[in-house]
There are 2 protein chains.
Amino acid sequence: MSLLTVGTVAFDAIETPFGKTDKIVGGAATYIAWSASYFTQPINIVSVIGDDFDMDELKALNARGVNTDGIEIRQGEKSFFWSGKYHMDMNSRDTLITDLNVLASFNPQIPEAYKNSDFLMLGNIDPSLQISVIKQLTKRPKLIVMDTMNFWMNIALDTLREAIAMVDVLTINDEEARQLSGELSLVRAAQKIHKMGPKFLVIKKGEHGALLFHNNQVFFAPALPLEEVFDPTGAGDTFAGGFIGYLAKTNDISFDNMKRAIIYGSAMASFCVEKFGTEKLKGLSTEAIDERVNMFIELSQVDIELV
Amino acid sequence: MSLLTVGTVAFDAIETPFGKTDKIVGGAATYIAWSASYFTQPINIVSVIGDDFDMDELKALNARGVNTDGIEIRQGEKSFFWSGKYHMDMNSRDTLITDLNVLASFNPQIPEAYKNSDFLMLGNIDPSLQISVIKQLTKRPKLIVMDTMNFWMNIALDTLREAIAMVDVLTINDEEARQLSGELSLVRAAQKIHKMGPKFLVIKKGEHGALLFHNNQVFFAPALPLEEVFDPTGAGDTFAGGFIGYLAKTNDISFDNMKRAIIYGSAMASFCVEKFGTEKLKGLSTEAIDERVNMFIELSQVDIELV
C-alpha cells in the first residue's frame, strides 16, 4: 500500500552524554520514511528544504523506494535546523537552537500523484498544515495517523483540536495526553481524547513503552531495555514510521493488527536510539528487524493457563 | 508449599488526593501475607507489634491460613506507626511521621515450627535482621526473596550487600537499582546486581510495570492502566506476596514460571491500589484474581508470526 507522509526534513545538531554531532540529517518525515521503508512502498514525502541540504540523503531515500519529488527545494534559503542537548538520564533535553528557516513559510502542496495515497502519516507540524494536507487529498486514506506535541496545545489548541477530529490515530506522549485531556489518569485521558475524534490513541512513554487505546481496549508494548541509549532523537518518529509502515504492508487496520504494528514500531525505535540520527536506520535488514521483534516477544510474552 | 515471611506489621495513616485515613493496619508482612494467602498455605509470619494492635486483624489473617504465632506482642508498647501524604501524581509522597516504637528493638526469633519453611519472603527491614532470619533456618528454603529500600543503601550498605549475597531474588525499584549498582542503564544495573549474588532481580517501576532479570534474559510485565489509583501504599509488598505466593503454590522456580508469578503479583498489586490499605485485598475471590490476570494477558499478549 502507498504511504504519504508530511513533515520536516531538516538538520539537527545533537549533544548527548556519549558525544556530539555536527549538522546531521533529521526531521520527522526523514525518520518516518526510513523506518516505514522496511515495510511498504511507495512512500511519498511532502516537505520543504533549503539548497544547503545534502541531496545524497534524498538519493539514499529514493533507493529505498521513497519518492522525494514532493520535497520543495528553496534556492537561496536554508533548511530547518534544530540543536539540542540531552541530560544524563536521556529523558529530558534542552533545545539550544531552533532556526525555522524554510519551515517558517511551509505550505505543503500535495502532488497530484500523491493525492490518492492509501495511508497518511502526518508528522508533527503546525496543525493548520496538517488540516490543509487532509483537505487536498482526492481520496480519504484508509488510515490517517497524526503526531503532534505540547507546543501546539499551548499556542494553537483550537486548530489542533480541529486537526485531531479529522484523524484515526493520534500519537502523543503521556504528558501531552494529560495536558490535552486535563486528566491525570491515562485511562481517563484516552476516554476524553476518543471523544475528540480519534478512534485510536497511542501514548508514547519513551523508555517506559507505549500504550494503544481503542474504545475500552488497551494494549501495552514495553520499550526494549537497552544497555545504552545513545541518542533518543527521532525515536518517536521512527516508532510512527514502523507502526504505519507495518499497517500499510499488511493492509489491516484492526485492533489486533495494530498491536503487532506497535511491536514493530517499538522494534524500529529501539534501533534508532542505538546510534546518532538516522545512522542505524540506514543499514537494517529484514532479518535484523525480525530478530529484534523476537526480542520483544521474549520480553513480554508469557504462557499462562488459568486453572 | 509453606511460606515464611518476616517484616513489619504496623499502623499507617495515609493521605491521598482522594481522602485520608485514621490509623489503619499496614506493614510489609501484612500485605505480603494477605496477597500470598490467595495462593498458598500455610503462611508463617514473624513480626512484632504492641498491645495497641487490633487482634481481630490477626484473626482475619488466621482465617486465611496465616499462622501469626510468630508475631511477638509486646505488652505496654506501641506498634510501629507510619504516616504519609501522597502528591497529586501518586508517584511521590512525603513521610509525615515515623514512630518506630516496637520496631526499634525488633530481633526476629524464628519459631522451631517455621524453621524449615519452603519459601522465604524477607520484607523490607534492617538487613542485619534479614541475615539473622536466614541464619536461624534449619533448612535452606527453595527460594529466598528479599525486598529492601534506598534507606539501607544510605546507612548500612555493607550489611545490605551481605544480605543481598544470601538471597535468590532481590526486589527493588528502578531508582534503587541505579543507586545500588551505580549504573543508569537498568540492563547494566541488573548485570552488576547479579554479580552481588541474586540470580534473579525484580525491578519495580510502579505505574510503569516491573522487569525480571535473570542472566541475559529479561521479562517485562506492565502495570494495569487504572482509571483511578486510590492509595499506592503496600502495592510493592502486595506484588511480592503474589509473586512468591504463586511460586510456592506451583512449586516451580524456573524463569518461565517466574514470568507468570510476575503477572500474578502485578494483578494483586492492581487490586491493592484500588482502596485504602488492605481493604481490597481482604475480599478477593479466585475468580476475581483470574479475571484480573486475564486483563493483564489482554493488555500485553500479541499474536505475531514472523514472515
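Above: the structure in question.
Computed from a prediction, not measured in an experiment: that's the story for all the values here.

(A) Inspection of the overall build of chain A at higher detail. Counting secondary structure elements, chain A contains ten helices and 15 strands. Scaling as 2.2 N^0.38, a compact globule of 307 residues should have a C-alpha radius of gyration of about 19 Å, and chain A matches this with 18 Å. Its C-alpha atoms give chain A principal-axis dimensions of roughly 70 × 40 × 35 Å. Sorting the 307 residues of chain A into buried and exposed places 60% on the buried side. With an accessible surface of roughly 12,000 Å², chain A has 48% of that area assigned to carbon and sulfur atoms. Across chain A, the 28 positively charged side chains and the 40 negatively charged ones have centroids separated by 5 Å.

(B) Highlighting a nonpolar patch on the surface. Taken together, M149(B), F151(B) and I155(B) make up a surface patch of nonpolar side chains, about 280 Å² in accessible area. Overall, M149(B) belongs to the partly exposed group, its relative accessible area being 30%.

(C) A look at helix α2 (residues 55-62) of chain B. All names here are of chain B. Of the residues making up α2, those classed as buried are E57, L58 and L61. Across the axial projection of α2, the buried residues extend over an arc of 100 degrees, all falling on one side. In α2, the exposed positions angled more than 90 degrees off the buried face are occupied by D56 and K59. Elements in contact with the buried residues of α2: β4 (24-26), α1 (28-36), β5 (43-50), β6 (66-67), β7 (71-74) and α10 (279-282). Residue D54 occupies the N-cap position of α2, its side-chain oxygen lying 3.0 Å from the main-chain nitrogen of D56.

(D) Geometry of the interface of chain A and chain B. With 37 residues of chain A at the interface, the matching set in chain B holds 37 residues. Together chain A and chain B conceal approximately 3,600 Å² of surface at their shared face, both sides included; 57% is due to carbon and sulfur atoms. Where chain A packs against chain B, one counts six salt bridges. The partner of E207(A) in a salt bridge is R178(B), and the shortest N-O contact between them spans 3.7 Å. At the level of elements, α7 (186-195), β15 (217-221), α9 (255-272) and α10 (286-300) of chain A are the ones that each hand at least two residues to the side of chain A that touches chain B. Take the side of chain A that touches chain B: its biggest share by element is seven residues, from α10(A). Taken together, the residues that form the side of chain A that touches chain B break down as 19 nonpolar, six polar and twelve charged.

(E) Structural context of helix α6 (residues 174-181) of chain B. Residue and element names in this part refer to chain B. α6 sits mainly inside the fold: six of its eight residues count as buried. Within α6 the residues assigned to the buried category are D174, E176, A177, R178, L180 and S181. Buried residues belonging to α6 abut α4 (150-155), α5 (157-164), β12 (169-173), α7 (186-195) and β13 (200-204). Phi turns positive one or two residues past the end of α6, at G182, with a value near 70 degrees.

(F) Inspection of the packing of aromatic side chains at higher detail. Tallying each qualifying case throughout the model produces 17 aromatic pairs over all chains. Taking 4.4 Å as the distance between ring centres and 15 degrees as the angle between the ring planes, the aromatic pair formed by Y246(B) and Y264(B) counts as stacked. Separated by 18 residues along the polypeptide, Y246(B) in helix α8 (residues 235-250) and Y264(B) in helix α9 (residues 255-272) bring together distant segments of the chain. Here Y246(B) and Y264(B) have matching classes, each one buried. Ring pairs connect the aromatic residues F18(A), F230(A) and F276(A), which therefore count as one cluster. The residue whose ring lies beneath R64(A) is Y38(A), and the NZ or CZ to ring-centre distance is 4.0 Å. When the ring centre of F271(A) is taken as reference, the NZ or CZ atom of R292(A) above it lies at 4.1 Å.

(G) Spatial organisation of the side chain of T68(B). Residues and elements named next belong to chain B. Tracing the sequence through the fold places T68 in the loop between β6 and β7. For T68, a relative accessible area of 10% translates into the label buried. Of note is the side chain of T68, whose polar atom sits 2.9 Å from the side chain of N62. Excluding residues within four positions of it along the chain, T68 makes contact with L58, L61, N62 and Y114.

(H) Spatial organisation of the relation of the copies chain A and chain B. Each copy superposes on the other: chain A lies on chain B with an RMSD of 0.0 Å after a rotation of 180 degrees and an axial shift of 0.0 Å. Here the symmetry operator amounts to a two-fold rotation axis. Interface overlap between copies is the fraction of interface residues in one copy that are interface residues in the other; for chain A against chain B it reaches 100%, indicating a shared surface.

(I) Here's a closer look at the packing of helix α3 (residues 127-136) of chain A against helix α5 (residues 157-164) of chain A. All names here are of chain A. The geometry of α3 relative to α5 is characterised by a closest axis approach of 8 Å and an angle of 30 degrees between their N-to-C directions. By the angle between their directions, the pair α3 and α5 is classed as roughly parallel. As for how α3 packs across α5, the hand of that crossing is left-handed. On the side of α3, the interface is formed by P127, S128, Q130, I131 and K135, while α5 contributes T159, L160, E162 and A163. Looking at the contact of α3 with α5, its residues break down into four nonpolar, three polar and two charged.

(J) Molecular detail of unusual backbone geometry. That bond from Q41(A) to P42(A) is cis: its omega, -10 degrees, falls within 30 degrees of zero. Position of P42(A) among the secondary structure elements: in the loop between α1 (28-36) and β5 (43-50). Look at N215(B): it is not a glycine, yet its phi comes out positive at around 50 degrees. The residue N215(B) is located in the loop between β14 (210-214) and β15 (217-221) in this model.

(K) Examining the pairing of strand β12 (residues 169-173) of chain A more closely. Residue and element names in this part refer to chain A. Among the five residues of β12, four are classified as buried, and the element is accordingly described as predominantly covered. Pairing of strand β11 (residues 143-147) with β12 involves three bridges; the strand directions are parallel. Looking at β12, one finds that M146 is bridged to L170. With five bridges connecting them, β12 and strand β13 (residues 200-204) associate as parallel partners. The residue bridging L170 from the neighbouring strand is L201, located in β13.

(L) Representation of the pattern of salt bridges within the structure. Residue and element names in this part refer to chain B. Throughout the structure, instances matching the rule amount to 38 salt bridges over all chains. In this structure, the salt-bridge partner of K59 is D56, at a minimum N-O distance of 3.9 Å. Taken together, the residues K59 and D56, both in helix α2 and three residues apart, mark about one turn of the helix. Its relative accessible area of 55% is what places K59 among the exposed residues. With its nearest N and O atoms 3.0 Å apart, the salt bridge here joins K204 to D147. Linking K204 in strand β13 with D147 in strand β11 (residues 143-147), this pair joins segments that are 57 residues apart in sequence. For D147, a relative accessible area of 6% corresponds to the buried category.

Criteria and thresholds
- Residues numbered from 1 in each chain as written.
- Chains lettered and ligands numbered in written order.
- Predicted model: local features only at pLDDT ≥ 70, side-chain atom pairs only at ≥ 80, totals over all residues.
- Heavy atoms only, no water.
- Helix = DSSP H or I, 4+ residues; strand = E, 2+ residues; numbered from the N terminus.
- Rg over C-alpha atoms; globule rule 2.2 N^0.38 Å.
- Buried < 20%, exposed > 50% of the residue type's maximum accessible area, 1.4 Å probe, protein only.
- Areas by Shrake-Rupley, 256 points an atom, 1.4 Å probe, with all protein chains shown as cover.
- Lys, Arg positive; Asp, Glu negative; His and termini not counted.
- Charge placed at Lys NZ, Arg CZ, Asp CG, Glu CD.
- Patch = residues over 30% accessible without salt bridge, like charges linked within 9 Å, V, L, I, M, F, W, Y side chains within 5 Å.
- Salt bridge = Lys/Arg side-chain N within 4 Å of Asp/Glu carboxyl O.
- Arc of directions from axis to C-beta.
- Contact = heavy atoms within 4.5 Å.
- Polar contact = N/O pair within 3.5 Å; in protein donor to acceptor, adjacent residues only side chain to side chain.
- Buried area = accessible area lost by both parts, 1.4 Å probe.
- Nonpolar A, V, L, I, M, F, W, Y, C, P; charged D, E, K, R; others polar.
- Phe/Tyr/Trp six-rings, centres within 6.5 Å; stacked < 30°, edge-to-face > 60°.
- Lys NZ or Arg CZ within 6 Å of the ring centre and 35° of its normal.
- Least-squares fit on C-alpha atoms with pLDDT ≥ 70 in both.
- Axes fitted to C-alpha atoms, helices over the stretch in contact; angles between N-to-C directions.
- Parallel < 35°, antiparallel > 145°, perpendicular 65-115°, else oblique.
- Left-handed = near helix turned anticlockwise from the far one by under 90°.
- Pairing = 2+ DSSP bridges.

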